[in-house]
Amino acid sequence: MIYGSLRLEQMVAWQESHVWGIIVQPMAFILFLVASIAETKRVPFDVPEGESEIVAGYFLEYSGFKFGMFFMGEFLEVVTSAALIATLFFGGFDVPFILDQQGFHWGETRMVEAAQGTWFAGIANVLNSHVMVILFHVGAFLLKTLLLMWLSLMIRWTMPRFRYDQIMQLCWKKLLPLSLLNVLATGILVLAFPNW
């Protein structure tokens with residue numbers, strides 16, 4: 001609702017011109033992060049698998065390459081959810097102080113203009129090349145994705161497994177009402193401030 005689109009590139013463009021999504025929607029970030037951890041069947045939401053109770057959960061009858069493919073699929077879910085969170089809430093490839101066509105800038109001053117006549121001028125020209133700006137964007141997106149993957153794995157390593165009744169209480173009595181309240185509040189704010 002805030003971005004005005006379901007296209008990921010338009011969401012990133014909105015965040016570039018305004019502010020990152022985590023600042024606008026911190027509650028949505030927390031809810032989406034918890035839901036993505038639950039969807040990827042990570043601890044504390046891995047009740048269907050329960051590795052400590054059985055050897056490999058529902059992968060028990062698989063070994064070798066088949067098990068490796070299932071296990072790789074599990075980790076690809078983590079990578080995909082981290083990339084989606086980085087896009088929705090952390091500006092995707094957006095890096096502060098870098099514009100697509102102009103390179104590094106501080107306010108109205110570009111780094112190339114500020115460095116003219118100094119020893120830094122040659123380095124500034126290389127850093128402001130289009131290829132370097134693209135590399136900074138790709139590196140920023142990969143770094144954000146890696147940090148979110150690390151966060152997901154840290155949660156897995158530090159949280160105990162929930163019981164079924166605890167998961168049901170958390171999901172139905174806390175997360176669902178909070179998400180519906182967040183949607184309602186966001187809708188009211190979007191209607192109240194349509195040109196923001």
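Presented here is an overview of the structure given in this document. Counting restarts for each chain: residues are numbered from 1 in the order of the written sequence. It should be noted that, the model being predicted, local features are given only for residues of pLDDT at least 70 and side-chain atom pairs only at 80 or more, the latter also being counted only at that level, while totals for whole chains, interfaces and linings use all residues. Note: side-chain values were computed over all heavy atoms of the structure, leaving out hydrogens and water.

### A short note on the overall build of the chain
For step 1, the next point in the chain: When helices and strands are tallied, the chain shows eight helices and three strands.
For step 2, the next point in the chain: Each helix (α) and strand (β) of the chain, taken in turn from the N terminus, gives the series α-α-α-α-β-β-β-α-α-α-α.
For step 3, the next point in the chain: Type-normalised accessible area, obtained with a 1.4 Å probe on protein chains alone, sets the label of each residue: buried when under 20%, exposed when over 50%, and partly exposed for intermediate values. The buried share of the chain, taken over its 196 residues, is 33%. What counts as a helix is a DSSP run of H or I of at least four residues, what counts as a strand is a run of E of at least two, and both are numbered from the N terminus.

### Brief notes about the packing of aromatic side chains
For step 1, the next point in the chain: A pair of Phe, Tyr and Trp rings is counted when the ring centres sit within 6.5 Å of each other, with Trp represented by its six-membered ring. The angle between the planes then sorts it: under 30 degrees is stacked, over 60 is edge-to-face, the rest tilted. Enumeration according to the criterion identifies six aromatic pairs in this entry.
For step 2, the next point in the chain: Aromatic pair Trp20 and Phe90: ring centres 6.2 Å apart, planes at 80°, arrangement edge-to-face. With Trp20 in the loop between helix 1 (8-17) and helix 2 (21-24) and Phe90 in the loop between helix 4 (64-89) and strand 1 (98-99), the pair connects residues that are 70 residues apart, well separated along the chain.
For step 3, the next point in the chain: We classify Trp20 as partly exposed; its relative accessible area is 22%.
For step 4, the next point in the chain: Overall, the relative accessible area of 18% leaves Phe90 in the buried class.
For step 5, the next point in the chain: Ring geometry for Phe71 against Phe75: centres 5.2 Å apart, planes inclined by 75°, an arrangement best described as edge-to-face.

### Regarding the environment of Leu176
For step 1, the next point in the chain: Here Leu176 is to be found in helix 8 (residues 164-192).
For step 2, the next point in the chain: The exposure class assigned to Leu176 is partly exposed, which follows from its relative accessible area of 35%.
For step 3, the next point in the chain: For the pair formed by Leu176 and Leu31, sequence separation is 145 residues and the distance between their alpha carbons is 9.1 Å.

### Here we look at the pattern of salt bridges
For step 1, the next point in the chain: Here, a salt bridge means any Lys or Arg side-chain nitrogen found within 4 Å of an Asp or Glu carboxyl oxygen. Using the criterion set out here, one finds two salt bridges in the structure.
For step 2, the next point in the chain: Between Glu9 and Arg7 there is a salt bridge whose closest N-O contact spans 2.4 Å.
For step 3, the next point in the chain: Taking the relative accessible area as the measure of exposure, Glu9 reaches 45% and is therefore partly exposed.
For step 4, the next point in the chain: Among the ionic pairs, Arg163 bridges to Asp165, the shortest N-O distance being 2.9 Å.

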